[in-house]
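Chain by chain, the residues:
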Amino acid sequence: MSTIEALFIFDEHNTPLLEHTYNGRPASGSTLLPLYLSHPTPRPSLIYLPSTNPATLLYSIVQDQLLFLAPCSSDTQPLQVLEFLHRVADVLEDYLGAPLLASKIESNYDVVAQLLNEMVDGGIISCTEPNALRDLVDAPSLMKSLLGNVGLPSTTPSSLAPSATPFSLGRGGGPSPRLGPSNAAQSTSPVPWRRANVRHTSNEMYVDIVETLSVTLSPSGRPLSAIANGTIAFTAKVSGIPDLILHLGCPGGISNAISLPVFHPCVRLNRWKERPGQLSFVPPDGRFVLAGYEVDLLGPSALDAFTTSTTKQSLPSLNIPATVSVHTSLGPSGSDFQVRLQLNPRFTGKSSAPPPSSASGRGGLGSRIAAGGGAGTSTAPAIEEMTIHIPLPSSVHNILDLRVARGMGDASYAPGSASIEWRISSREISMLMSQDRGGGVGCHATLSGTVVGAQDDDENGAGFDDTAVSLSTATYNYDDDQASSYQSAPTSTPQPSNSAQVDEKRRKANKILMPSAATVSFSVKGWLPSGIKVESLNVDQKKSKGLGGGVTPYKGVKYLCVSRRSVECRC
Amino acid sequence: MHPSNFAHWSLSTARDLTLEAARDASNARKTSTRPLPSAQLKKLLDSRSERDVLEGLRRVITMSYRQPPSQTLPFFSHVIKNVASPSLTVKKLVYICLLQHAEHEPDTALLSINTIQKSLTDQNPQLRALALRVMSGIRVPVISQIVSLGIKRGAGDMSPNVRRAAALAIPKCYRLDPNTEPQLLEYLSTLLGDKQYFVTGAAVAAFLEICPDRLDLIHPYYRSLVRKLADMDEWGQLATLQLMMVYSRKCFPRRTRKVKKASANSNTNAKSTKPTKGFYDSESEEEEDEDEEDEQDFEEVAVLDPDLELLLKSCLSLLQSRNAAVVIAVARAYLYLGTPAYVSLAIGPLVSLLRSAGDIQHIVLYNIVQVCLSHPEPFVKYYTHFLVRSIDAPHIWRLKLELLTLIFPHAQPRLQSLILAELSHFSHSGSLDPALVKESVRAIGRCSQSPATSPQTSARCLRLLLKHIGSADAHLVAESLEVIRHLIQRNPDAHRTTVVRLAKHLDAATSPQARASIIWLVGEFAGLDPENNIAADVLRILAKGFADEAEPAKLQIMLLAAKVYIHHLHANPPPSPTKQEEPPEPSASVLDMPEEEGGFRDAHLENPPPIEPLQKESPHQIEALYSYVLALTRYDTSYDLRDRARVYKSLLSLPSSTQLASLLLLAPKPVPHIPSPSETRKNYVLGSASLVIGDEGGVGGLRGYEDLPPWVKDGKEPDPSLRDEAPSSTYVSAHEVAKNMSASERLDAAAQVDSGRQRMLETIPSYRTSNGVGGVEKPAQKEKTLDDWLAESSGSEETDDDEEEEEEEEEDEEEDDDDDDESEEESEYETESESGDENDRLVK
């Protein structure tokens, strides 16, 4: 029952990149790939392929456009295999640099081969801890300098990585300067997750807290669920064996805010249980995920507040940067829709918000905009990279007259595609925000369009069918003394109402074509919806070893709030 | 925080990726992947320069990953030549080639065995481990004995890494030659008792691989394994939990005990505050029990064996693991081994797994549904996690909807209405996916069906469904009616008015399927309340528009007519003599007519019979209606319709003998039961792949699926004293306790004592520590192994002194700057274990 029988990696064009067999005789990658691809998207992570020999359970993950496949011929724990695949991807990323690319794997097959051999032994997963692997396999850069291959690219993921992808799992700026003979590190580290003999010239520690919003708003604007999924990523570049204490704080008390935490094995659970908010740990070297948690932004009483009849005034306040609402079945034939985006004034970059002057903002169209050049203070968080997706039913054929009626941005829709995308760049957002002076209700932007469905091609779809049937029966036209008296009635019933109902019918038909939700994606730097912040990060000098006395590492903290199509508003 | 999740934000925009790719491709692809002429490559491999050899090896490995093995085989012998290279880097690469090609050229591969064997005694533990791994990985059966010897040596090695490699080599050796099993089991049992947690993890995995049934090997190590559980790496934890599942089922009989039921209040208290308290004293038992059998004063409560209890408690910290598989494995242990109180502990962590990446989320949802089927209540408070989002893939929302319906009966009324609102949103909004519409309508049906649902809620569900009938979405209407039909059939008496309401909706319903469904329902209830039944009336109206109906509806109208008629006959049995003579004629004509002649002549012959009675005694309207419909169908374009008409006609041709007809038409319909979709998977074990695949993988699970063993019968279990650890002094057990601390705790302790001391504790060869004060049995074992080893390796010039020296070196290497003396170390032990004890208590 070996777990891992083989590992296949394919690049973004599905050309095989790597095929590594561990155990047994699994079906080859070339037979598995077409079977995998023949499965309709979105493909589940576990596919059963009875047609191969032996019948195969095919596990798959996609990371950075690379496809990882692992076949299994017998029943194993599916999550074990999937977790393993994720670890493989993470380790490769750690070694080869942040975006994992086909070319990087291709130019480092030797390192990859060593890693794959270390990670699984005879089908049993043996060692996946990145730091432990560092002790066993040298990073490619070292190997390169040994070989003197100057022409090869260094594995640093270029200048792009630190700036554009500050939250990549790979060690941000490529391999940090590691002194000391990492090759000669034969000694095993006393801490299983930490390399032995870590030396850094400059000692640095970074905490990145990222919260991913997951909000669902009902058609009335009432939040049904609002959860922030938090992840604390830690980057430790500290010599020796440091013992760190990270103190998290939150306005309402940390234990009330955080629920369902998950920790890296290095975190001392007892300490957390005794004193919630304090994470005491010996970090692995490099970048790792220290903890994960979630915060229910609505609080436990959310359900009590939920009734169908309450008015908008009593809506529980939810402090999120942007919401959107969709208004459907507008216009004479009910085929128009309108999407309204509302940006929270807190994120304009202004510190004080004057009281709301008028409610005209609700209507969207009538409100007058006072143009002003008030630039917000830089300390206030601002929304960046906003995208609104409006998924459409598959029966929609085209969208006519798609335009941003108010506000800015760039809306796009390709006929036949499944959703409308409305992008608003950071610059445009700040312009929008600056227009809202004194409104205090934030600012709005509106997108409108008209749906065209398949039925509009053959004018009135449902009525047509009825007449067709009646015609075909009419051709029989038999004479029956008895039945003839009834005969006239049925044929007449659909006809008279037809013209009167046609509008109603079209409205109804168009109703099916309406979008049912819209999602917003954005990111906000320097702000967390949960309000959690790092109170302190200290090195426990007494417990730490190998860090010279008096050395205080440089510390950095970053907050980021993101939504990846996860603020959803229904209609 | 599951790392996978984390990796997702690293997914920089596609543009960045492509930019990077372009930049990388421009210089990288050319240099290293361009193939070299084979002669030149061979020259590189044969070179004396290490750099050239490395370059050559890299190229061979690159080739082997990109091309079939036949391409790289010519270089194999050149590669093998380098196996004796002093450079570790070269060795590693040679080993990789060796593993890949050994099977294709066993003879060449054998040439390297000697050198590898030498590496087994190398000073560098990393190389020893590597050599052992490679040697066992070469799939050439001839060398099985050599591998077995290598494992033996490795199992007694002082470096834990080598011991782990030995453990992992055991299944490989077994695969090479199953005859080596007895020796291998011996090594394995040594390794299972290893002090190093990451050795035991590998040993357990090996055990599961070669002899999962030899539970007798586990008994002596059960407690130490359980204690090491928290410290093992994730994969070791998984293997151990899997082993313990089977072990516990087979070794701890399920004892129950009648306990007086505690009040509900104390129940909830117990659940929330002290779920892990010992269950032995009667007090906690009383508190612990779940309110399963409310009607009884006494209820059965599981009494857990102390050893089982130990296992369940040590799992507790694993619930915070970052590895989803581990969390599921713990949940599995709690579900199948523990009590409901334990299960409720695992619910939160299970739900937290939904934060992870989509692929993991999918599998996790299957597992959550499985737990939820048996324990729905604790999931209620996590309802926000189960709300369907527009970005969810079909396989995700399907399971989420199921979860919502599963928790529905246990939710408070407000939540129930929220769930219903949610479901109706997805059912009527012109949804993105017709399948979603369908599924949410079904979900509404399941909600209203569940026994715990109050009548009002049920009625509300029905109202929601009735609203859909007029929709323009054919899927929605058809599905809604299907569900309504099920609801009505389950409780016909309560739904008499519903049928009337449905009939009213006939005007609104346009889809033929929907109309057919309604008509069928009306017909089905035609006999319920003869005095004021609407069936006949409905039939009258339908008959008017018969010509405009689609075929499915026509079929049902026909059926309705037959049913109404037969009910009519039952209600007013015809005066037998007069009627009985007449009908045979028309029936005869029915039977032979259509084949002979078609069209209008038929009509002439056919029509008279219905007319005649009508003229004779001005028949009841129902009879007239029936014959009218019959006449209509007789000339329909559809064969099917005409055939059926004929069947009904002949069935009902004799108004006095309706037995056969009522048997056919009025047969009681089985009440449809729509179980939760996952009910079919209910028998699969949590966490297995079969659970995800379901019966598609063949009934009884996929290949290699193992069902849960039944609990061992009381009295048949192995003697608990088998699990007693070696009759050792307190010292050993204290040491064990120290081992039980998590690595971080141990680090704490180490820092308290003095730097470096701790590491020594771990790395000191086990036999040496036990020589110090104490364990009696294990040291003896170890010494024996050492003796054996020495006896066997007398060939290779090693003496005890060498051994000692090596050991010293070992330690020197591993602890950079510590010189140790035995006595101090011991005193250290004491404090060590004490503080460990403290910590341990804190854990609990």
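Residues numbered from 1 in each chain as written. Chains lettered and ligands numbered in written order. Predicted model: local features only at pLDDT ≥ 70, side-chain atom pairs only at ≥ 80, totals over all residues. Heavy atoms only, no water.

Quick look at the overall build of chain B
The helix and strand inventory of chain B stands at 46 helices and two strands. Scored against the burial criterion, the 844 residues of chain B give a buried share of 59%. Residue pairs in contact within chain B that sit at least 24 positions apart in sequence constitute 70% of those at least 6 positions apart. When the accessible surface of chain B is totalled, it reaches about 34,600 Å², and 52% of it is carbon and sulfur. (Helix = DSSP H or I, 4+ residues; strand = E, 2+ residues; numbered from the N terminus. Buried < 20%, exposed > 50% of the residue type's maximum accessible area, 1.4 Å probe, protein only. Contact = heavy atoms within 4.5 Å. Areas by Shrake-Rupley, 256 points an atom, 1.4 Å probe, with all protein chains shown as cover.)

So, the overall build of chain A
The helix and strand inventory of chain A stands at 14 helices and 23 strands. Looking at the 571 residues of chain A, the share that counts as buried comes to 56%. Sequence-distant contacts in chain A: of pairs separated by 6 or more residues, those separated by 24 or more amount to 72%. Carbon and sulfur atoms provide 54% of the accessible area of chain A, an area that totals close to 22,300 Å².

Quick notes on the sheet that holds strand β10 (residues 244–249) of chain A
All names here are of chain A. Pairing in this open sheet of three strands is antiparallel, and the strands run β12-β10-β22 from one edge to the other. The open sheet terminates on both sides in strands that have one partner only, identified here as β12 (278–281) and β22 (533–539). Between one strand and the next, the sheet's axes are offset by a mean angle of 15 degrees, whatever the strand orientation. Strand direction decides the pairing type here: β10 and β22, joined by six bridges, are antiparallel. Across the sheet, His 247 pairs through a bridge with Ser 536, a residue of β22. (Pairing = 2+ DSSP bridges. Axes fitted to C-alpha atoms, helices over the stretch in contact; angles between N-to-C directions.)

Some remarks on the sheet that holds strand β20 (residues 443–453) of chain A
All names here are of chain A. If you walk across this open sheet you meet the four strands as β14-β15-β20-β17, and the pairing is antiparallel. Of all the strands in the sheet, the pair left with one neighbour each is β14 (322–330) and β17 (396–406). Adjacent strand axes in the sheet meet at a mean angle of 20 degrees, parallel and antiparallel pairs treated alike. For strand β15 (residues 336–343) and β20, the ladder comprises eight bridges, and the chain directions are antiparallel.

Thoughts on a nonpolar patch on the surface
Residue and element names in this part refer to chain B. The grouping of Leu 660, Leu 663 and Leu 664 at the surface amounts to a nonpolar patch, some 350 Å² of accessible area in total. Relative to the helices and strands, Leu 663 is located in helix α38 (residues 659–665). Looking at Leu 663, the relative accessible area reads 63%, which means it is exposed. (Patch = residues over 30% accessible without salt bridge, like charges linked within 9 Å, V, L, I, M, F, W, Y side chains within 5 Å. Salt bridge = Lys/Arg side-chain N within 4 Å of Asp/Glu carboxyl O.)

So, the confidence of the model for chain B
Residue and element names in this part refer to chain B. For chain B, the mean per-residue pLDDT works out to 73, and 70% of the residues sit at or above 70. In the model, residues 1–14 has pLDDT below 50 throughout and makes 54 contacts with residues more than four positions away in sequence or in other chains. Counting interchain partners and residues more than four positions distant, the pLDDT-below-50 stretch residues 25–32 has 15 contacts. We note a pTM of 0.76 for the whole complex and an ipTM of 0.80 for its interfaces. (pLDDT = per-residue confidence, 0-100.)

What about unusual backbone geometry?
Residues and elements named next belong to chain A. Of note, the phi angle at Gln 65 is positive, near 70 degrees, even though the residue is not glycine. For Gln 65, the position within the fold is in the loop between β4 (56–63) and β5 (66–72). Residues other than glycine seldom take positive phi values, yet Asp 401 does so here, at roughly 60 degrees. For Asp 401, the location among the structural elements is in strand β17.

Points about the pattern of salt bridges
Here the structure, examined in full by the defined rule, presents 39 salt bridges over all chains. Residues Asp 94 of chain A and Arg 134 of chain A are paired through a salt bridge, measuring 3.5 Å at the closest nitrogen-oxygen approach. With Asp 94 of chain A in helix α2 (residues 78–96) and Arg 134 of chain A in helix α5 (residues 130–136), the pair connects residues that are 40 residues apart, well separated along the chain. Arg 134 of chain A matches Asp 94 of chain A in its accessibility class, with the two residues each being buried. Residue Glu 103 of chain B pairs with Arg 139 of chain B through a salt bridge whose shortest N-O separation is 3.7 Å.

Some remarks on the packing of helix α20 (residues 324–337) of chain B against helix α22 (residues 358–374) of chain B
Residue and element names in this part refer to chain B. It is the contact of α20 with α22, at a shortest axis distance of 11 Å, that shows an interaxial angle of 10 degrees. When the interaxial angle is binned, α20 and α22 end up roughly parallel. Pair α20 / α22 crosses with left-handed handedness. On the side of α20, the interface is formed by Ala 324, Ile 328, Leu 335 and Tyr 336, while α22 contributes Ile 360, Asn 367, Gln 370, Val 371 and Ser 374. The residue makeup of the contact of α20 with α22, split by class, is six nonpolar, three polar and no charged. (Parallel < 35°, antiparallel > 145°, perpendicular 65-115°, else oblique. Left-handed = near helix turned anticlockwise from the far one by under 90°. Nonpolar A, V, L, I, M, F, W, Y, C, P; charged D, E, K, R; others polar.)

Quick word on the confidence of the model for chain A
Low pLDDT marks regions whose predicted coordinates should not be analysed in detail. In the predicted model, chain A carries a mean pLDDT of 74, and 73% of its residues have values of at least 70. Scored below 50 in pLDDT, residues 145–186 of chain A shows 97 contacts in the model against residues more than four places distant or in partner chains.

Comments concerning the nonpolar core
Counting 270 residues, the largest nonpolar core has Tyr 59, Phe 68 and Ile 105 of chain A together with Ile 138, Ile 151, Phe 379 and Phe 386 of chain B as its most contacted members. Per-element tally for this core: the top contributor is α20 of chain B, with 13 residues. In contact with Ile 138 of chain B, not counting residues within four places along its chain, are Leu 98, Leu 99, Ala 102, Ala 109, Ile 113, Ile 116, Ile 143 and Leu 176 of chain B. Counting 43 residues, the second-largest nonpolar core is a separate cluster that includes Ile 388, Ile 424, Ile 429 and Val 524 of chain A. (Core = buried A, V, L, I, M, F, W, Y, C linked by side-chain atoms within 4.5 Å.)

Concerning the packing of aromatic side chains
Residues and elements named next belong to chain B. Across all of its chains, the model carries 13 aromatic pairs over all chains by this definition. With a centroid separation of 6.4 Å and 45 degrees between ring planes, the pair formed by Phe 379 and Phe 386 is classed as tilted. Overall, Phe 379 belongs to the buried group, its relative accessible area being 0%. Residue Phe 386 is classed as buried on the basis of its relative accessible area, which comes to 0%. Stacked on the ring of Trp 520, the Lys or Arg Arg 485 has its end atom at 5.5 Å from the ring centre. A cation sits over an aromatic face here: Arg 723 above Tyr 222, 5.7 Å from the ring centre. (Phe/Tyr/Trp six-rings, centres within 6.5 Å; stacked < 30°, edge-to-face > 60°. Lys NZ or Arg CZ within 6 Å of the ring centre and 35° of its normal.)

A word on the pairing of β20 of chain A
Residue and element names in this part refer to chain A. Most of β20 is tucked away: 11 of the 11 residues are buried. Judged from the seven bridges that link them, β17 and β20 form a sheet pairing that is antiparallel. Across the sheet, Asn 398 pairs through a bridge with Val 452, a residue of β20.

Regarding α2 of chain A
Residue and element names in this part refer to chain A. In a regular helix each residue adds 1.5 Å, so 19 residues correspond to 27 Å; α2 covers 27 Å between its end C-alpha atoms and thus fits that length. With respect to burial, α2 is a largely interior element, 19 of its 19 residues being buried. Positive backbone phi, at 105 degrees, marks Gly 97, one or two positions downstream of α2. (Expected span 1.5 Å × (residues − 1).)

With respect to a positive patch on the surface
Residues and elements named next belong to chain B. Taken together, the side chains of Arg 463, Lys 467, Arg 501 and Lys 504 make up a positively charged region of the molecular surface. When residues of the positive patch are traced back to their parent elements, those giving at least two are α26 (455–467) and α28 (496–504). Judged by relative accessible area, which is 45%, Arg 463 ranks as partly exposed. (Lys, Arg positive; Asp, Glu negative; His and termini not counted. Charge placed at Lys NZ, Arg CZ, Asp CG, Glu CD.)

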